Amino acid sequence: MLPEKLVIQAFGPYVEKQEIDFSDISSHHLFLIQGETGSGKTMLLDAITFALFGKSSGGQRESMEAMRSRFASDDIHTFVEFIFSLKGKRYRFVRKVEVKTKRNKEKVWKSSVDAGEIVNGEFLPFFENPKLKNVEEKAEELIGLRYEQFVQVMVLPQGKFEQFLTSKSEEKQEILKTLFQMEHWENINAWLVEYIKQEKQKLDDLQGKQQIYLETLKEESIEQAKATMDSLKTELEEKKKELIKQNKKVACLEKELVEQKQRNEDEQAFETCRKELDTLQEKQGAINAQKEKLAHYKKLQGIFPYYHAYDTAAKQYEKRMQQTQLAYEKLKKIQEESSLEKERKQQVESLQKHEEICRKTYQSLQEDMVLLKEIEILNKTWEEHQKQQKEILEKEENVSRRLEDTLRKKDAMQKDIQILKQELQSKEDIDNRHRKLEQAKILDEEKQSINIALEKEIQNQQMQEEKRKSYELEVETADAKHEKVYQQYLQTAALQLSKDLEEGKPCPVCGSLHHPSYAHVSHMYVDLQELKTYKEKLEQAKEQYQKQKDLLKEINLSIQTKKQRCIQIDKEILQLLEKPFTKEEFETTQNNLQIMQKKEKQWQNLLVDEQNIQNEIQRLYVLKSEYQNKSITYKEENSAYSATLKQKTSQLHSQDSMEVIKKHYQQTEQKQKQYEKEIEMLQKQIEEVKLQEAAVKENYAHAQEEEKKAKEEKKQAEDRFVKQCFTYGVEKEEIVEIPEENILLKMEESIQSYEQNVVEVSARKEMLEARLQKMESKDVPALEEESEQARNGLKQLQEDTAKQRSQWELYRATLKKAEDTQRLIEVQMPKFLKKQHFVKAMRGDNGVGIERYVLGVLLQTILQYANQLLRQVHDGRYQLYRSDEAIGRVRKSGLELGIYDSYSMGQRSVVSLSGGEKFLVSLALSLATSFVVQSKNGGMQLDAMFIDEGFGTLDEHSIADALHILQTMTKRKGMVGIISHVEILKENIADGIEVCKTRKGSTIRFRKA
């Protein structure tokens, strides 16, 4: 990736638009970015990382407020554009932030991003609606590096240059994992750990189940459980035999008890039959008498049909006679009403004459009513027009008065407008002054908040300084203890060897197989583990002390930054107001501005009112003209209504008032309706009487004929009945006393039922007597007691047997599960141990894990390239090497770095290097890291690098060595940019970018040789 162009605006200290064309300096390979402290050199690197990833290069300015220029007004939006070429293609990334202020003066940040390819000078965006995440992912995809890798490989920011060199093994591991994307090794290890954890859990579950099964069986082993199960099975078989024997005994007793109870019931039934038979024999005389009567009645049964026919004919004749008498009475009554017909006809003729007279009067009154209604409507219309004409005249006068008042108001308002216009001429000066005071107030409030925070940080600084002294004392104490224990360990080193000596095995010092005299342990004996414990405590104390020092540095830097910002705010206020800011002046100016705003609003309202008054005047002129036209129209219409009214009045038949005519009209209408109703009613009565008389006559004739027929039928039935009585030799009166046929049937059924009962009871008595003679009588309560005892014994045996069977079946099922589980454990355990050993080896529990091994190989490759560069520094005095020594109790070895010093022919710690030496070694290590990362990321090629770190700590000779290294790197990178304010670099690097710091913001200019 080769940068081509960077454009920034309102970003950091850069207010106005600044543009860097890297093509002007790419041919020189090594260039310098120089400027005063705080001028914004690092912000150029922040702009590149911000355009690509939305973050600063050092990760210290993450918020938009921290990266946006404080000098820029809200109407100037923040803009960053970065164009670069990669693999023959050109790409453009843009980020823009707009600031909007709400009514409550709260600021809202609106961000937008875009990214795309430049083809033939035309920008082709990657996304239709780009999101922040889309752009960042696209940058990673194109460059092949994530943000963390990018700032470690291409942009070497402040504060992180020496981090990789001096960091501990664990920290180096995290850095290398980030750079070389080692997540897949972590994922593999995590998956393996989770897998073996699941396998272990499965095995533990099986062993837990096995233990639960044995605890359920209350046995210590499966063999004991098998023996117990055989014993339970034998006991169960014995119980089954006892149960069969008891079942037979209960069955015999229950059978005997049932038979004895049946005999007792038979005895009771025999006694009941005997008593019932005696009762039946007592009724025998009455039954014989009933038989004789029944025989006599059956003999006379042939006369019954003739008797019933005669009785029915007599009743029918009586009924017909009653109907004939009733018809005769109705005929007599209707003939009396028919005699009044002539009188009703005369009444109808009289009513028709009166109705004709009333109808003619009604028509005349109806015509007058129509005319009166028309006259009434005309009167109302004429009165309404008179009223409207009067209202129009009043409105016309009212409009004339309002028109005069409005004209006077217009003149007065025009005078007020001129006065306010003259007063508002000074508003612009007050407004400008107030705007500057507002800006100064914001700066003053910022200063006050900074001062408050500054006081808190100074208090925190004092407190943290006390902590630092405490941690320093802890380091000294831990160091003294470690040194003391270390000396004791050296004095008792022989004891360390004697602990592990065994007879027959060679001594690691002399090689002897016999060890006759061992070193004796004294009370001052110290083993290696105890020494390591004190070493860890010392390292922890040093780490705490170093963290406290770093924290104090951050606090001091923050305090210094806040103090400089307060001084800068005072300068900005003086530049803005040309004098210090005071609240009194601000409030006075604000009050004056409010007064002017009120007057301006009043002036605008007067202009609106003036226009409204002018519109009102025009409207009033139009209204006045309309009212005059309407008044003339109403006058003409009233004359026409008066003439029509006179004509209608002359056409009336009666000169009475409307009320009188209306009342007479209603009375006539009611009389006519009454006459019509009476005529209709009389005519209806005449017709109804005629129809009723004809119907009654017909009914009476029919009744007489039916009576005659019924009389003949009665005579014939009586003759037949008398003839039959004579044949059977009985009198007519005797037939009446004979019961009806259904009563005779009941008598016969009663006799048959009696005879049947006698036969059945006699047979049942004989049967019961025979059964009683065959069976011996026994004591039923004694049998019941004996049977109950046998059933209880059987029930207890059944419960005991079921309980024992259930226990045996549960025991057998549990034992089977335990045996199955044991077989499964024996199969799974060897497999699990092999897998566990493999996972521990991969994780590095007993040594170096796969991830740290791979990282060690990569680190060794980095060190090879770094040592090639270090050969050009200080005559090749220093070389980096990788140490395999484990630190503390944590088994993480293989990533510690050390320095081999060819002058002293010995090894030394990297922290023992001076500031300049440390910078040169860190520079070589960082450049080597950048080269290896590129080669390991799919052959990715970064054609540029930016270095923002520590040249101020170097002497002239070291700077020359550093430049020699960088010149070497330009052959691989193509472009290397150095950010520094050191003057000697300016003398050695011909071309570059110079950042100029001013009160209104920083600017950029190119420096040529």
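As a starting point, this report considers the structure included with it. Residue numbering note: each chain is counted from 1, following its sequence as written. At least 70 in pLDDT is required for a residue's local features to be given in this predicted model, at least 80 for side-chain atom pairs to be given and counted, and no such filter applies to totals for whole chains, interfaces and linings, which use all residues. Here the side-chain values reflect all heavy atoms present in the structure, with hydrogen atoms and water set aside.

### Remarks on the overall build of the chain
Short version of the rule: A run of DSSP states H or I qualifies as a helix once it reaches four residues; a run of E qualifies as a strand once it reaches two. Both are numbered from the N-terminal end. Exposure categories follow from relative accessible area, calculated using a 1.4 Å probe and restricted to protein chains: below 20% of the type maximum is buried, above 50% is exposed, and the middle band is partly exposed. Contact between two residues is taken to exist if any of their heavy atoms lie within 4.5 Å; hydrogens are not considered. In this description, accessible areas are obtained by the Shrake-Rupley approach with a 1.4 Å probe, and a residue is regarded as covered only by the protein chains that are shown.
For the chain, the helix and strand inventory stands at 23 helices and 15 strands. Buried positions account for 36% of the 1009 residues belonging to the chain. Long-range pairs, those at least 24 residues apart, make up 76% of the contacts in the chain between residues at least 6 apart in sequence. Carbon and sulfur atoms form 50% of the exposed surface of the chain, whose accessible area is close to 62,900 Å².

### Focus: the pairing of strand 5 (residues 89–101)
To keep things clear, this is the line we draw: Any two strands with at least two DSSP bridges between them are considered paired.
Sheet topology note: the strand 4 (residues 78–86)/strand 5 ladder contains nine bridges and is antiparallel. Within the sheet, the bridge partner assigned to Ile 83 lies in strand 5 and is Arg 92. Joining the antiparallel neighbours strand 4 and strand 5 is a turn of two residues, in which Lys 87 adopts a positive phi near 55°. By the bridge criterion, twelve bridges tie strand 5 to strand 6 (residues 107–119) in an arrangement that is antiparallel.

### Considering helix 3 (residues 132–143)
Selection criterion: Multiplying one less than the number of residues by 1.5 Å gives the expected span of a helix. Here the arc refers to the directions that run from the helix axis out to each C-beta atom.
Its twelve residues give helix 3 an end-to-end C-alpha distance of 17 Å, which sits within 8% of 16 Å, the value for a rise of 1.5 Å per residue. Within helix 3 the residues assigned to the buried category are Val 135, Lys 138, Ala 139, Leu 142 and Ile 143. What you see down the axis of helix 3 is that its buried residues fit within an arc of 115°, all on one side. In this structure, helix 3 carries Lys 133 and Glu 141 as exposed residues pointing more than 90 degrees from its buried face. Here the buried face of helix 3 lies against helix 1 (41–53), strand 4, strand 5, strand 6 and helix 4 (147–153). Just past helix 3, the residue Gly 144 takes up positive phi, approximately 85°.

### Quick word on a negative patch on the surface
Our working rule: The residues that make up patches have over 30% relative accessible area and no salt bridge, and they are joined within 9 Å when like-charged or within 5 Å when they are Val, Leu, Ile, Met, Phe, Trp or Tyr. What counts as a salt bridge is simple: a side-chain nitrogen of Lys or Arg found within 4 Å of a carboxyl oxygen of Asp or Glu. Charge assignment in this entry is limited to Lys and Arg as positive and Asp and Glu as negative, and neither His nor the chain termini are counted. Here the site of a charge means atom NZ of a Lys, CZ of an Arg, CG of an Asp or CD of a Glu.
A cluster of acidic side chains, namely Glu 383, Glu 384, Glu 391, Glu 394 and Glu 397, defines a negative patch on the protein surface. Among the secondary structure elements, Glu 391 is positioned in helix 11 (residues 341–423). Residue Glu 391 is classed as partly exposed on the basis of its relative accessible area, which comes to 36%.

### What about the side chain of Glu 585?
Inspection of the secondary structure puts Glu 585 in helix 15 (residues 583–649). Judged by relative accessible area, which is 17%, Glu 585 ranks as buried. Each residue touching Glu 585, except ones within four places of it in the same chain, is listed here: Arg 433, Leu 437 and Lys 579.

### Some details on the side chain of Gln 34
Take Gln 34: it is sitting in strand 3 (residues 30–35). A relative accessible area of 6% places Gln 34 in the buried class. Each residue touching Gln 34, except ones within four places of it in the same chain, is listed here: Lys 41, Ser 980, His 981, Val 982, Glu 983, Lys 986, Ile 993, Glu 994 and Val 995.

### Some thoughts on the packing of aromatic side chains
Condition: Side-chain rings of Phe, Tyr and Trp, where Trp is taken by its six-membered ring, are said to pair if the distance between their centres is within 6.5 Å; with planes under 30 degrees apart they count as stacked, over 60 as edge-to-face, and otherwise as tilted. Remark: a charge is flagged as sitting over a ring if the NZ atom of Lys or the CZ atom of Arg is within 6 Å of the ring centre and within 35 degrees of the ring normal.
Applying the stated rule across the entire model yields twelve aromatic pairs. Each ring, one from Phe 53 and one from Phe 150, has its centre 5.5 Å from the other, and the planes form 55°; the classification is tilted. Residue Phe 53 is found in helix 1, and its partner Phe 150 is found in helix 4; the two are separated by 97 residues along the sequence. Both residues of the pair, Phe 53 and Phe 150, count as buried. Here the aromatic rings of Phe 84 and Tyr 91 are separated by 5.7 Å at their centres, their planes lie at 35°, and the arrangement is tilted. Per residue, the accessibility class of Phe 84 equals that of Tyr 91, and both read buried. Put simply, the rings of Phe 82, Phe 84, Tyr 91, Phe 93, Phe 126 and Phe 127 touch in pairs and so form one group of aromatic residues. For the cation-ring pair, Arg 92 lies above Phe 123, with the distance from its terminal atom to the ring centre recorded as 4.9 Å. Over the face of the ring belonging to Phe 126 we find Lys 138, whose NZ or CZ atom lies 4.6 Å from the ring centre.

### Topic: unusual backbone geometry
One non-glycine residue with positive phi stands out, namely Asn 120, at about 55°. Assignment of secondary structure puts Asn 120 in the loop between strand 6 and strand 7 (122–125). Accessibility expressed as a relative area gives 81% for Asn 120, which makes it exposed.

### Examining the nonpolar core
Worth spelling out the cut-off: Remark: nonpolar core denotes a set of buried residues (Ala, Val, Leu, Ile, Met, Phe, Trp, Tyr, Cys) joined through side-chain atoms within 4.5 Å.
The biggest cluster of nonpolar side chains holds 95 residues, and the ones touching the most others in it are Leu 52, Phe 150 and Phe 951. A per-element tally of this core places helix 21 (residues 915–936) first, with ten residues. The residues touching Phe 150, leaving out its near neighbours within four places in the chain, are Met 1, Ile 48, Thr 49, Leu 52, Phe 53, Ile 143, Leu 145 and Val 155.

### Points about the sheet that holds strand 11 (residues 906–909)
Put simply, the rule is: Where helices are involved, their axes are fitted lines through C-alpha atoms of the stretch in contact, as for all axes, and angles between N-to-C directions lie from 0 to 180°.
If you walk across this open sheet you meet the three strands as 9-10-11, and the pairing is antiparallel. In this open sheet, the two edge strands, each paired with only one partner strand, are strand 9 (878–883) and strand 11. Adjacent strand axes in the sheet meet at a mean angle of 40° when their direction is disregarded. Taken together, the six bridges between strand 9 and strand 10 (residues 896–901) define a ladder with antiparallel strand orientation. Note on strand 10: the bridge partner recorded for Arg 882 is Leu 897. Packed on one face of the sheet, helix 20 (residues 850–870) meets strand 9 and strand 10 and runs near 170° to strand 9.

### Describing the sheet that holds strand 5
Sheet architecture is open: six strands sit in the order 2-1-4-5-6-7, paired in antiparallel fashion. In the strand order of this sheet, the two ends are held by strand 2 (18–21) and strand 7, each with one partner. Strand after strand, the sheet turns through a mean of 20° between neighbouring axes, direction not considered. Together, strand 1 (2–9), strand 2, strand 4 and strand 5 form the strand contacts of helix 1, whose direction differs from that of strand 4 by roughly 80°. Here helix 3 sits on the sheet and contacts strand 4, strand 5 and strand 6; the angle it forms with strand 5, its principal contact strand, is near 155°.

### Focus: the environment of Ile 850
By secondary structure assignment, the location of Ile 850 is in helix 20. Expressed as a C-alpha distance, the spacing of Ile 850 and Asn 189, which sit 661 residues apart in the sequence, is 8.6 Å. Discounting residues that sit within four places of it in the chain, Ile 850 has contacts with Trp 185, Asn 189 and Met 842.

### What to know about the pairing of strand 14 (residues 992–996)
A large share of strand 14 lies buried, amounting to four of its five residues. As judged from the four bridges shared by strand 3 and strand 14, these two strands associate in the parallel manner. By the bridge assignment, Ile 33 is partnered in strand 14 with Ile 993. Pairing geometry for strand 14 and strand 15 (residues 1003–1007), over five bridges, is antiparallel. When the sheet's bridge partners are listed, Cys 996 is paired in strand 15 with Thr 1003.

### Quick notes on the environment of Thr 644
Checked against the element boundaries, Thr 644 lands in helix 15. As a C-alpha pair, Thr 644 and Ile 375 span 269 residues in sequence and 8.7 Å in three-dimensional space.

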